[in-house]
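What the coordinates show
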2 protein chains.
Amino acid sequence: MSSGVLTIGDLSKATGTKVETIRYYERIGLLPAPDRTSGNYRAYGKSDLGRLSFIRRARDLGFGLEQVRELLGLSDQKQRSCEAVDVIARDHLADVDRKLADLKALRRELDSIIRRCGRGTIGECRIIEALAPIDPRH
Amino acid sequence: MSSGVLTIGDLSKATGTKVETIRYYERIGLLPAPDRTSGNYRAYGKSDLGRLSFIRRARDLGFGLEQVRELLGLSDQKQRSCEAVDVIARDHLADVDRKLADLKALRRELDSIIRRCGRGTIGECRIIEALAPIDPRH
DNA sequence: CTGCACCCTGTAGTAACTACAGGGTCAACA
DNA sequence: TGTTGACCCTGTAGTTACTACAGGGTGCAG
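Keep in mind the model is a prediction, meaning the values are calculated, not measured.

1. Here we look at the protein's contact with DNA strand C
What surrounds DNA strand C is a group of 20 residues, the closest being Gly9(A), Arg23(A), Arg42(A), Tyr41(B) and Arg59(B). By atom count, sugar and phosphate contribute 79% of the portion of DNA strand C lying within 4 Å of the protein. Take Arg23(A): an N or O atom from its side chain is 2.6 Å from a phosphate oxygen of DNA strand C. The side chain of Tyr41(A) places a nitrogen or oxygen atom 3.5 Å from a base oxygen of DNA strand C. Among the secondary structure elements, those contributing two or more residues to the surface near DNA strand C are α1 (8–15) of chain A together with α2 (19–27) and α3 (46–60) of chain B. Sort the elements by how many residues they give to the surface near DNA strand C and α2(B) lands first, with 4 residues.

2. Points about a positive patch on the surface
A contiguous patch of positive charge on the surface is contributed by Lys104(A), Arg108(A), Lys104(B) and Arg108(B). Of all the secondary-structure elements, those providing two or more residues to the positive patch are α5 (82–118) of chain A together with α5 (82–119) of chain B. Looking at the element boundaries, Arg108(B) is found in helix α5. Classification of Arg108(B) by relative accessible area gives exposed; the value is 57%.

3. Describing the side chain of Ser12(A)
All names here are of chain A. On the secondary structure map, Ser12 appears in helix α1. Residue class for Ser12 comes out buried when judged on its relative accessible area of 14%. Leave out the neighbours within four places in its chain, and Ser12 touches Thr17, Lys18, Val19 and Ile22.

4. What to know about the nonpolar core
Grouped together as the largest cluster of nonpolar side chains are 26 residues, with contacts concentrated most on Ile22(B), Tyr25(B), Leu30(B), Ile55(B), Phe63(B), Val68(B) and Val96(B). Listing elements by their share of this core, those giving two or more residues are α5 of chain A together with α1 (8–15), α2, α3, α4 (65–76) and α5 of chain B. Sequence-distant contacts of Leu30(B), that is, excluding residues within four places in its chain, are made with Tyr25(B), Arg51(B), Ile55(B), Leu65(B), Val68(B), Arg69(B) and Leu72(B). Core analysis: the second largest hydrophobic core is formed by 19 residues, Leu11(A), Tyr25(A), Phe63(A) and Val68(A) among them.

5. Things to note about helix α3 (residues 46–60) of chain A
All names here are of chain A. The end-to-end C-alpha distance of α3, which contains 15 residues, comes to 21 Å, matching closely the 21 Å that a straight helix rising 1.5 Å per residue would cover. Looking only at α3, the buried set comprises Asp48, Leu49, Leu52, Ser53, Phe54, Ile55, Arg57 and Ala58. Of the residues trailing α3, Gly62 is marked for its positive phi of about 95°.

6. What to know about α2(B)
Residues and elements named next belong to chain B. Turning to α2, its buried residues are Ile22, Tyr25 and Glu26. Projected down its long axis, α2 shows its buried positions confined to an angular sector of 100°, all on one face. Turned more than 90 degrees from where α2 packs its buried face, Glu20 and Arg27 sit exposed. Backbone geometry just after α2 places Gly29 at a positive phi near 85°.

7. Looking at the side chain of Thr17(B)
Residue and element names in this part refer to chain B. Note that Thr17 resides in the loop between α1 and α2. For Thr17, a relative accessible area of 2% corresponds to the buried category. Separated by 2.7 Å, the side chains of Thr17 and Thr15 make a polar contact. When near neighbours in sequence (up to four residues on either side) are disregarded, Thr17 contacts Ser12, Ile22, Tyr25, Leu52 and Arg56.

8. As for the protein's contact with DNA strand D
Tyr41(A), Arg59(A), Gly9(B), Arg23(B) and Arg42(B) are the nearest of the 19 residues found near DNA strand D. Backbone atoms, meaning sugar and phosphate, make up 79% of the atoms of DNA strand D lying within 4 Å of the protein. Measuring from a phosphate oxygen of DNA strand D, one finds a side-chain N or O atom of Arg59(A) at 2.6 Å. Taken together, the elements giving at least two residues each to the surface near DNA strand D come down to α2 (19–27) and α3 of chain A together with α1 of chain B. The element best represented in the surface near DNA strand D is α2(A), accounting for 4 residues.

9. As for the pattern of salt bridges
Residues and elements named next belong to chain A. In this structure the tally under the stated criterion is 4 salt bridges over all chains. The shortest N-O distance in the salt bridge between Arg42 and Glu26 comes to 2.7 Å. With Arg42 in strand β2 (residues 42–43) and Glu26 in helix α2, this residue pair connects regions lying 16 residues apart in the sequence. Take Arg42 and Glu26: they sit in the same class, and that class is buried.

Rules used throughout
- Residues numbered from 1 in each chain as written.
- Chains lettered and ligands numbered in written order.
- Predicted model: local features only at pLDDT ≥ 70, side-chain atom pairs only at ≥ 80, totals over all residues.
- Heavy atoms only, no water.
- Near = heavy atom within 4 Å.
- Polar contact = N/O pair within 3.5 Å; in protein donor to acceptor, adjacent residues only side chain to side chain.
- Helix = DSSP H or I, 4+ residues; strand = E, 2+ residues; numbered from the N terminus.
- Patch = residues over 30% accessible without salt bridge, like charges linked within 9 Å, V, L, I, M, F, W, Y side chains within 5 Å.
- Areas by Shrake-Rupley, 256 points an atom, 1.4 Å probe, with all protein chains shown as cover.
- Salt bridge = Lys/Arg side-chain N within 4 Å of Asp/Glu carboxyl O.
- Lys, Arg positive; Asp, Glu negative; His and termini not counted.
- Charge placed at Lys NZ, Arg CZ, Asp CG, Glu CD.
- Buried < 20%, exposed > 50% of the residue type's maximum accessible area, 1.4 Å probe, protein only.
- Contact = heavy atoms within 4.5 Å.
- Core = buried A, V, L, I, M, F, W, Y, C linked by side-chain atoms within 4.5 Å.
- Expected span 1.5 Å × (residues − 1).
- Arc of directions from axis to C-beta.

Below you can see the structure in the form of structure tokens.
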């Protein structure tokens, strides 16, 4: 495969995405169906690489596929849709902050359990009682 | 339903868990099968509430169901040597620390997106380009 | 010309729920 | 007493975001 043409395997290696996942993204319309070679192989270009990189990165940041689709749509129509992107990102940030706080709390609890445990107070490892406040969230 | 007995709906409300999810947890053995009333309703107690609270909290923090199962095992096997418990707990602590680092990094990214996007001049929003570096991760 | 790595389609499996369908139970209210 | 209406039951099938085959074709190196 010469010049700027990439196989699905090239895309896979370049982005760290499994080949099956790339085909899946095509199936659900996140990636456009590429041209085919004479042997029916998918022939990708540079723009496909960029688009897939974006998808992977957004997924890595915890955006759902529908959110990614929305973000891609916003960038496809090169209008001033910055506000919409901002809303999506802010929404996600709030979620991350909540998880961060919870995780810090869990870390503290786990750490104190380890300290109690290490000192040999057998039978006092009450992890559930420590970690399951009756306080319901959501 | 009088005294300390809770219906599945009570548990659902108290923990923010869907009724179907509670039954699912029972099916896969995360929650013990509770006693039944004369009308075949599930009758839960306080300890079930605590256990479910813990499961939800751990799930919310990104632990998989198998990890949750292991964490629950920490508290169930109280007669176990403290040293063994300590090893498992430390392992989970490492896991928590990794998640914390990931989330912090994610938070930074999102925050920078929002700052560039929300405050930036409309029409200079290059979020998609910013999010899709040719640099492949993983 | 024969391996072998790679590609193709299609289907089915995974985790962790979530949503019905079709029916039973229970407390309240007229 | 009867009848709503909210709640419960089991069982099955759908969802999200992949992942893993099965069964077969392509392309290049030796």
